[in-house]
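# What the coordinates show
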Amino acid sequence: MNAPRDQYEPGDPRTRYPDVEPEPQTQAEPGLQSDMRPVPDLGESTYRGTGRLAGRKALITGADSGIGGAVAIAFAREGADIALAYLPEEQPDADHVIEQIRAAGRTAVPIPGDLRDRAHAHTLVEQAVDGLGGIDALVSGAGKQRWQPEVTDLSDEQFEATFDVNVFALFRLVKAALPHLQPGSTITTTASMEAYQPAPDRLDYAASKGAVNNLSKGLAQALVERGIRVNVVAPGPTWTVLQPSGGVDPESLPEFGSSESPMGRAAQPAELAPAYVFLASHESSYVAGETLNVNGGMVTP
Ligand code: NAD
Ligand code: MG
């Protein structure tokens with residue numbers, strides 16, 4: 001795939017990456033990024049760190065692939081050690097990101113497990129704290145998205161499962177992490193353009209992302225008293241395995257991102273990572289309760 005030399009290369013944002021136009025493809029949820037055609041760019045050959053997160057200790061969920069994977073690679077190259085949370089069946093994708101973190105000379109602590117398991121939040125945080133010697137940055141990248149053609153096809157079970165992963169597990173994780181977070185720590189969550197522009201074929205997902213955005217702004221108010229900054233990244237259409245593993249209608253994949261985004265193309269995960277770096281870095285010290293939209297120019301509230 002054509003890619004910039006690094007994230008600082010100047011040029012036309014519309015053509016920085018090609019419009020992927022993926023052929024129709026499907027995988028079982030959660031899917032393996034390594035089986036996608038084309039494989040997304042996590043910044044492996046492009047992301048250049050400049051010490052913006054030197055010495056930080058980050059716990060990142062969904063760190064095996066897509067946006068979470070790109071964030072893990074970027075954070076490591078900026079000088080952070082990383083605990084990676086992901087589902088056990090995603091180990092091959094996780095191994096790829098772990099290799100990148102270690103090649104950057106940083107510590108990678110792999111912690112497979114299901115965020116729907118209520119006890120897992122505590123195990124995850126304890127293992128991250130043990131492996132890294134503490135945590136001072138939490139990034140929530142895990143997410144569940146399943147399209148359904150009709151409202152009546154969307155089961156109560158799916159609605160609950162989506163909220164469980166996207167909203168309830170996030171709250172459990174924040175509560176489990178709080179005793180370890182000192183002033184100067186950051187929490188960065190992941191909402192979506194869907195939080196304000198719900199697509200009719202993924203009502204549960206869109207509503208859950210509205211909840212993530214709202215919950216994060218509320219948490220930002222509550223936690224500023226502890227010196228902890230909470231912020232949100234709201235991606236637009238991004239080429240990740242979430243889409244071909246049931247996230248969108250496979251027939252729509254060739255058009256993915258092209259018509260929605262004023263830039264005429266989907267993002268690559270590598271283009272999302274700098275927003276998370278900024279929000280975790282001390283350089284954003286006066287930014288809290290903010291939603292940073294990275295969506296190619298779609299209008300937001
Ligand atoms: P992705 O599939 O690469 O990452 C999602 C990750 O969520 C998976 O890798 C998996 O590790 C994790 N996950 C899902 N269910 C889990 C569970 N029960 N327990 C533990 N982990 C679980 O896809 P992505 O697009 O990089 O997604 C990252 C985040 O970005 C998600 O929150 C997603 O909703 C959000 N987002 C994506 C897009 C897009 O177009 N790709 C747009 C807006 C928001
Ligand atoms: Mg994955």
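Throughout what follows, the structure given in this document is the object of discussion. Each chain carries its own residue numbering, running from 1 in the written order of its sequence. Chains carry letters from A onward and ligands carry numbers from 1 onward, assigned in written order. pLDDT decides what is reported in this predicted model: residues at 70 or higher carry local features, side-chain atom pairs at 80 or more are listed and counted, and totals for whole chains, interfaces and linings draw on all residues regardless. Calculation of side-chain values draws on the structure's entire complement of heavy atoms; hydrogens and water are dropped beforehand.

### What about the site of ligand 1?
Defined as follows: Throughout, the term near means that a residue has one or more heavy atoms lying within 4 Å of the molecule or strand in question. N or O atoms within 3.5 Å of each other form a polar contact, as long as, within protein, one can give a hydrogen and the other can take it, and as long as residues adjacent in sequence are counted only when both atoms are side-chain atoms. All accessibility values rest on the Shrake-Rupley procedure with a 1.4 Å probe; residue burial counts only the protein chains present in the view. Helix numbers and strand numbers start at the N terminus; a helix is a DSSP run of H or I with at least 4 residues, a strand a run of E with at least 2. Residues were grouped as follows: Ala, Val, Leu, Ile, Met, Phe, Trp, Tyr, Cys and Pro as nonpolar; Asp, Glu, Lys and Arg as charged; and all remaining residues, including Gly, as polar.
Neighbouring ligand 1 are 30 residues, the closest being S65, I67, E90, Y205 and T240. Take G141: an N or O atom from its main chain is 3.3 Å from an oxygen atom of ligand 1. In isolation ligand 1 has 800 Å² of accessible area, and contact with the protein removes 96% of it. Of all the secondary structure elements, the ones that give two or more residues to the shell around ligand 1 are α1 (66–77) and α5 (203–223). Tallied by class, the residues present in the shell around ligand 1 amount to 13 nonpolar, 12 polar and 5 charged.

### Side note on unusual backbone geometry
What is expected of a backbone is that most residues other than glycine have negative phi and most peptide bonds are trans. Cis rather than trans, the peptide bond between E29 and P30 has omega equal to 0°. On the secondary structure map, P30 appears in the segment before β1 (57–61). The omega torsion across R37 and P38 is -5°, close enough to zero to call that bond cis. Relative to the helices and strands, P38 resides in the segment before β1. The backbone of E21 shows a phi angle near 40°, a positive value even though the residue is not glycine. Secondary-structure assignment places E21 in the segment before β1.

### Description of the pairing of strand β2 (residues 81–86)
Inclusion rule: Burial classification: accessible surface area is computed with a 1.4 Å probe over protein chains only, and a residue below 20% of its type maximum counts as buried, one above 50% as exposed, and the rest as partly exposed. Two strands qualify as a pair provided that DSSP identifies no fewer than 2 bridges between them. For the handedness criterion, the strands are oriented away from the viewer, and a crossover whose path from the first strand over the helix to the second runs clockwise is classed as right-handed.
Within β2, 6 of the 6 residues are buried, which leaves it mostly tucked inside the rest of the structure. Burial of the side chains of β2 extends over both faces: D81, A83 and A85 are buried on one face and I82, L84 and Y86 on the other. Bridge count for β1 against β2 is 5 bridges, and the pairing is parallel. In the strand pairing of β2, L59 is matched with A83. In this fold, the crossover linking β1 to β2 by way of α1 has right-handed handedness. After leaving β2, the chain enters helix α2 (residues 91–103) and then returns to the sheet as strand β3 (residues 108–112), a path that is right-handed.

### Thoughts on the sheet that holds strand β7 (residues 291–294)
The condition is simple: Lines fitted to the C-alpha atoms define the axes, with helices restricted to the stretch that makes contact. Angles between their N-to-C directions range from 0 to 180 degrees.
Pairing is parallel across the open sheet formed by 7 strands, whose spatial order is β3-β2-β1-β4-β5-β6-β7. Strands with a single pairing partner mark the edges of an open sheet, and in this sheet they are β3 and β7. Averaged over all adjacent pairs, the angle separating strand axes in this sheet is 15°, with direction ignored. Bridge count for strand β4 (residues 137–140) against strand β5 (residues 186–190) is 3 bridges, and the pairing is parallel.

### Some words on the packing of helix α4 (residues 156–177) against α5
Here is the rule: Angle categories are assigned with fixed cut-offs, so that under 35 degrees is roughly parallel, over 145 is roughly antiparallel, 65 to 115 is roughly perpendicular, and the rest are oblique. Take the far helix as the reference: if the near one is turned anticlockwise from it by less than a right angle, the crossing is left-handed, and if turned clockwise, right-handed. In what follows, a contact means two residues having at least one pair of non-hydrogen atoms within 4.5 Å.
In contact at an axis separation of 9 Å, α4 and α5 are set at 15° when each is read in the N-to-C sense. With respect to α5, the element α4 is oriented roughly parallel. Remark: the crossing between α4 and α5 carries right-handed chirality. Note on element contacts: α5 touches α4 through D204, Y205, A207, S208, K209, A211, V212, L215, L219 and L223, opposite Q158, F159, T162, F163, N166, V167, L170, F171 and V174. Residues of the contact of α4 with α5, tallied by class, amount to 13 nonpolar, 4 polar and 2 charged.

### Focus: the pattern of salt bridges
What counts is decided by this rule: Salt bridges are defined by distance alone: a side-chain nitrogen of Lys or Arg within 4 Å of a carboxyl oxygen of Asp or Glu.
All chains considered together, the criterion is met by 14 salt bridges. Linking D81 and R106 is a salt bridge whose minimum nitrogen-to-oxygen distance equals 3.1 Å. Of this pair, D81 sits in strand β2 while R106 sits in the loop between α2 and β3; the two residues are 25 residues apart in sequence, bridging distant segments of the chain. Taking the shortest distance from any N to any O, the salt bridge between E271 and R265 comes out at 2.9 Å.

### A short note on the nonpolar core
How we decide: Residues belong to a common nonpolar core when they are buried Ala, Val, Leu, Ile, Met, Phe, Trp, Tyr or Cys residues joined through side-chain atoms within 4.5 Å.
Membership of the largest hydrophobic core comes to 35 residues, with the highest contact counts inside it found for L59, V125, I135, V174, I187 and L223. Among the secondary structure elements, those contributing two or more residues to this core are β2, β3, α3 (120–132), α4, α5 and β6 (229–235). With 8 residues, α4 is the single largest residue contributor to this core. If we ignore the near neighbours within four places in the chain, the residues touching V125 are L59, I135, L173, A176, A177 and H180. By size, the runner-up hydrophobic cluster in this structure holds 34 residues, among which are A70, A273, A275 and Y276.

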